[in-house]
Structures are given as structure tokens and as C-alpha cells.
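Coordinate inspection notes
Single-letter residue listing:
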Amino acid sequence: MPAAQLDSGPAAATPPKPASAASALATASSGLFVLAAMVVIAAGIKTVSNIIGPSFLVLTLVITVHPLRTILVRRRVPSWLASIVVLLSVYGLLILVLGSTVWSLTRLVNVLPEYADEFTNLFNSALDQLSRIGIETTDLRRAIEGFNLSSFTGVASQILSGITSGLSVLLLVLAMVVFITFDAAGFGERLGLLRNLRPNIANAFTDFGDSVRKYWVVTTVFGLIVAIIDVVALLIIGVPLALTWGVLALVTNYIPNIGFILGLIPPTLIALLEEGWGAAIAVIASYSAVNVVIQTLIQPRFTGDAVGITSTVAFLSLIIWAFILGPLGALLAVPATLLVKSLLVDHADRGRWLGVLLDSAPGLADPENPVTDPPHAAAKERATRV
């Protein structure tokens, strides 16, 4: 038998790899590549976080206020005047968000050292009570020797310096508001052209704009409600600087998961040092009641569609963006996560499966039919309004 015939026999044939295995390998490789790219991008953003953070804040605020320009133009207000109104509105929001943060932290830094002696006496009194019941307190007494209330002011000062990191960055932000506001006038046309070239990317930007707009509006409204109730409760209890702690409650409402705790600690500590345990417990009880009723039961019903991420993902995003962008990253954790999710998960064919793990209420979309996918369907409906 010729050798050629032997080589062409069934035994010499190499079975092809299953298509499913090759597809799985390609998907895994693509996922690793995207993950590596995200790490590199995050490292690059961290090096210029003083510019990226404020710029992204300005961008999200312009997106939030942009419908106001559309309303004014429809009422035949000149385009330049509508842009100026939007510009002033964005400046007002910057004062509300960053100005309130700086003011409350400044007050916190100035007030806490005044209670240093009361804090030390209270701590020593607690240690004496523990010693009377037979608990060894030597190590705790050594710890208090190297700790005082000014440690809290050190942390607050670092956060404050991170937010107000130089006049040059502030001037950059003020100028960037002008450029982004006036450029946003033609963004609808650009988005329409982008939809013809890259519909998924256009839909991602549209979804991000709607989500971040709803997040800022709803979070700010409920933050103001919580702040007002907290101020009234603190005034009734008799806690000093009630307005300061109310502003702090408004600011920390933007921080996911741990914002409530961050806003609770300073007034509770001041109430304890000024009025005693009864006032401190009353502060904890009033803050907790407001948090459960408004921030836990009512607010998620309005922000659920906008945020659309699980509590675990929100907490991880807080850690990651605070590490990348610094203190401002804590305020921008949710908007930044919404941008990444819109671009790389909701409207990316290879990343849409991550939505099952990230979404707070994942839908039953058909992965083979992107038109029935909720994010895509919503984007198609909104495209008619752009």
C-alpha cells in the first residue's frame, strides 16, 4: 500500500478543537486583556487624579443640568443665554457639593481640639470603671497616651487638603466648566453622528447621562431632606454646631454604604463630650431612624434604576475610586462606576455577562438579541429625544 494512502488514513487525521472551547479561550483571553488594560488605565488616572477627579465632577454636573438648557431653548431663549444659565447652575452645584464639604471639614478641624481634655477625661473614667470590675486596662492606658482627639482632625485635614489641592487646579476647574458647558450645546448632534458609527458606544453614553443625572438629583434631594431632619433633631437634643453636622450629613449622603457612619460620628462624639451619654444615644437613635426610613426604605426606590449596582459593588467601588482619585473619589464612586458599567458591561457584547453579577436587579435579557436587552431598548427610546 502506498505511503501516501497510509498518511491519509483516518488514524492520521487530527480532530479539530471544538468551537465552544476555542470561543471560551478567546473570551477568557479578551477578559484578561480588558482587566490588564483597566489596571494600566487606573494607574495612569491615579498619577493625574488632581485633574481627572475635578474634571469628571464638572462633566457629571454639566450632564445633570443640561436638560435645563434644552427647556430654555424650546422656550425660544437664545442659545448663548441658555448656556450662561447652565454655567451659573453648575457653579452653584459646585459650591453646594465642594463648598459644603470644605466648610463642614473646616469647622470639624477647628472644633474637635477644643474637646481634647473632655475626651481624655471620659476615656480615663471608662478605664476606671473597667478596672473596678476586674478588667486589665494597662494596655489601653498606654494606647491613650499616644492618642488624642487631634488625630481625628489630622484625618479631616488630609481630606480637606486633598479636596482643595491648589489654586491652579481650582482655576482649571472653573475654566473647564465654561468649556464643557458651551461645548455641550452641540453634543446632541455629535451623539447622533456617533450612533451611526458606533451605536453601542452612543447608547452607553446616553444611558450614563440619564443614570448619573438621576443619581445626582435624587441623592441631592434626599440628602437635603435628611440634613434638615438631622439639624432639627440636633437642635432639640441640644448638640452644638447643629448646622455644621447637618451639612456634613448632606455631603456624606453621596458616599455609598459608609456615608451614614461618617456623618454620625462627629455629632455623636460632640454630644457625648458636651451633654453626656443620654445625648449621644439620642443622636444615634435619631440618625438611625432617619437612615432606616429615608435612606434605606424610600431613597433606593428612586435611585435603584439610576444606580443599578449591588451593595457589595458599591462598597468596592468606594474603596477603588477613593484609592485612585483620592478623597474626591469617595463622592464620585457611584458616577464613575456607572460610566465604567455603561461602557464596558451594559453595551459591550463580551462584557454584558458581568451585568448578572453587578446589577442590583438583573433582567432576563436575551444575550443573542441585543434589541430586547433593557439598556439597549431604553437607549433606543431615548435616542428619539436627543
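What you see is a predicted model, and the numbers here were worked out from it, not measured in a lab.

Let us look at the overall build of the chain. Helix and strand counts for the chain come out as 18 helices and zero strands. Looking at the chain as a whole, 38% of its 386 residues are labelled buried. Nonlocal contacts in the chain, meaning residues at least 24 apart in sequence, comprise 74% of its contacts between residues at least 6 apart. Roughly 21,400 Å² of accessible area belongs to the chain as shown, and the carbon and sulfur atoms make up 69% of that amount.

Before going further, it helps to spend a moment on the packing of aromatic side chains. Two aromatic rings are characterised by how far apart their centres lie and by the angle between their planes. Counting across every chain of the model gives three aromatic pairs. Three or more aromatic residues link up through ring pairs in this structure, and these residues are Tyr215, Trp216 and Tyr254. Its guanidinium or amino end placed over the ring of Phe323, Lys46 lies 4.3 Å from that ring's centre, counting from NZ or CZ.

Of all residues in the chain, 69% have pLDDT values of 70 or greater, and the mean over the chain is 74. The least confident element of the chain, judged by mean pLDDT, is helix H18 (residues 374-383) at 45; the most confident is helix H10 (residues 199-237) at 88. Low pLDDT, under 50, characterises residues 1-12; the predicted model gives this stretch three contacts beyond four residues in sequence or across chains.

All right, on to the nonpolar core then. One recurring pattern in soluble globular proteins is that nonpolar side chains are buried together. Counting residues in hydrophobic clusters, the biggest one holds 36 residues, and the most contacted among them are Leu57, Val90, Leu94, Trp216, Tyr254, Leu331 and Leu332. Those elements that place two or more of their residues in this core are helix H3 (49-74), helix H4 (79-111), helix H8 (167-183), H10, helix H11 (242-252), helix H14 (311-325), helix H15 (327-331) and helix H16 (333-346). Considering each element in turn, this core owes the most residues, seven residues, to H3. In this structure, Leu108, Phe119, Ala279 and Tyr287 belong to the second largest nonpolar core, which totals 20 residues.

Time to look at the packing of H10 against H11. Running from N to C, H10 and H11 point in directions that differ by 155 degrees, and their axes come no closer than 8 Å. Judged on the interaxial angle alone, H11 and H10 are roughly antiparallel. Seen along the crossing, H10 lies across H11 with a hand that is right-handed. On H11, the residues that touch Thr220, Gly223, Leu224, Ala227, Asp230, Val231, Leu234 and Leu235 of H10 are Ala242, Leu243, Trp245, Gly246, Ala249 and Leu250.

Its place among the elements puts Thr252 in helix H11. Of note is the side chain of Thr252, whose polar atom sits 3.2 Å from the backbone oxygen of Ala249. Leaving out residues up to four positions away in the same chain, Thr252 has contacts with Gly259, Leu262 and Gly263.

Position of Ala242 relative to the elements: it lies in helix H11. On the basis of relative accessible area, Ala242 is assigned to the buried category, the value being 6%. Distance in space between the C-alpha atoms of Ala242 and Val232 is 8.0 Å, their sequence separation being ten residues. Among all residues touching Ala242, those that are not within four sequence positions of it are Val231, Leu234 and Leu235.

This part takes up the packing of H3 against H10. Orientation of H3 relative to H10, taken along the N-to-C sense of each, is 90 degrees, at an axis distance of 9 Å. Looking at the two axes, H3 sits roughly perpendicular to H10. Of the residues in H10, those in contact with Phe56, Leu57, Thr60, Leu61, Ile63, Thr64 and Pro67 of H3 are Phe208, Gly209, Val212, Arg213, Trp216 and Val217. Broken down by class, the residue content of the contact of H3 with H10 amounts to nine nonpolar, three polar and one charged.

What follows covers a negative patch on the surface. Taken together, the side chains of Asp117, Glu118, Glu274 and Glu275 define an acidic patch exposed on the protein surface. Every element with two or more residues in the negative patch is listed here: helix H5 (116-132) and helix H12 (259-275). With respect to the helices and strands, Glu275 occurs in helix H12.

Our focus in this paragraph is the environment of Thr47. Note that Thr47 resides in helix H2 (residues 19-47). Since its relative accessible area comes to 65%, Thr47 is described here as exposed. In this structure, the C-alpha to C-alpha distance between Thr47 and Ile324, residues 277 residues apart in sequence, is 8.4 Å. Within the structure, the side chain of Thr47 is placed 2.5 Å from the backbone oxygen of Gly44, a separation counted as a polar contact.

All right, on to a nonpolar patch on the surface then. A contiguous nonpolar surface patch, about 460 Å² in accessible area, is contributed by Met38, Phe187, Ile201, Phe205, Leu343 and Leu344. Residue Phe187 is classed as partly exposed on the basis of its relative accessible area of 40%.

The next subject is the environment of Asn291. In this fold, Asn291 is placed in helix H13 (residues 277-307). Not counting residues within four places of it along the chain, the set of residues in contact with Asn291 comprises Phe260 and Thr296.

Rules used in this analysis
- Residues numbered from 1 in each chain as written.
- Predicted model: local features only at pLDDT ≥ 70, side-chain atom pairs only at ≥ 80, totals over all residues.
- Heavy atoms only, no water.
- Helix = DSSP H or I, 4+ residues; strand = E, 2+ residues; numbered from the N terminus.
- Buried < 20%, exposed > 50% of the residue type's maximum accessible area, 1.4 Å probe, protein only.
- Contact = heavy atoms within 4.5 Å.
- Areas by Shrake-Rupley, 256 points an atom, 1.4 Å probe, with all protein chains shown as cover.
- Phe/Tyr/Trp six-rings, centres within 6.5 Å; stacked < 30°, edge-to-face > 60°.
- Lys NZ or Arg CZ within 6 Å of the ring centre and 35° of its normal.
- pLDDT = per-residue confidence, 0-100.
- Core = buried A, V, L, I, M, F, W, Y, C linked by side-chain atoms within 4.5 Å.
- Axes fitted to C-alpha atoms, helices over the stretch in contact; angles between N-to-C directions.
- Parallel < 35°, antiparallel > 145°, perpendicular 65-115°, else oblique.
- Left-handed = near helix turned anticlockwise from the far one by under 90°.
- Polar contact = N/O pair within 3.5 Å; in protein donor to acceptor, adjacent residues only side chain to side chain.
- Nonpolar A, V, L, I, M, F, W, Y, C, P; charged D, E, K, R; others polar.
- Patch = residues over 30% accessible without salt bridge, like charges linked within 9 Å, V, L, I, M, F, W, Y side chains within 5 Å.
- Salt bridge = Lys/Arg side-chain N within 4 Å of Asp/Glu carboxyl O.
- Lys, Arg positive; Asp, Glu negative; His and termini not counted.
- Charge placed at Lys NZ, Arg CZ, Asp CG, Glu CD.

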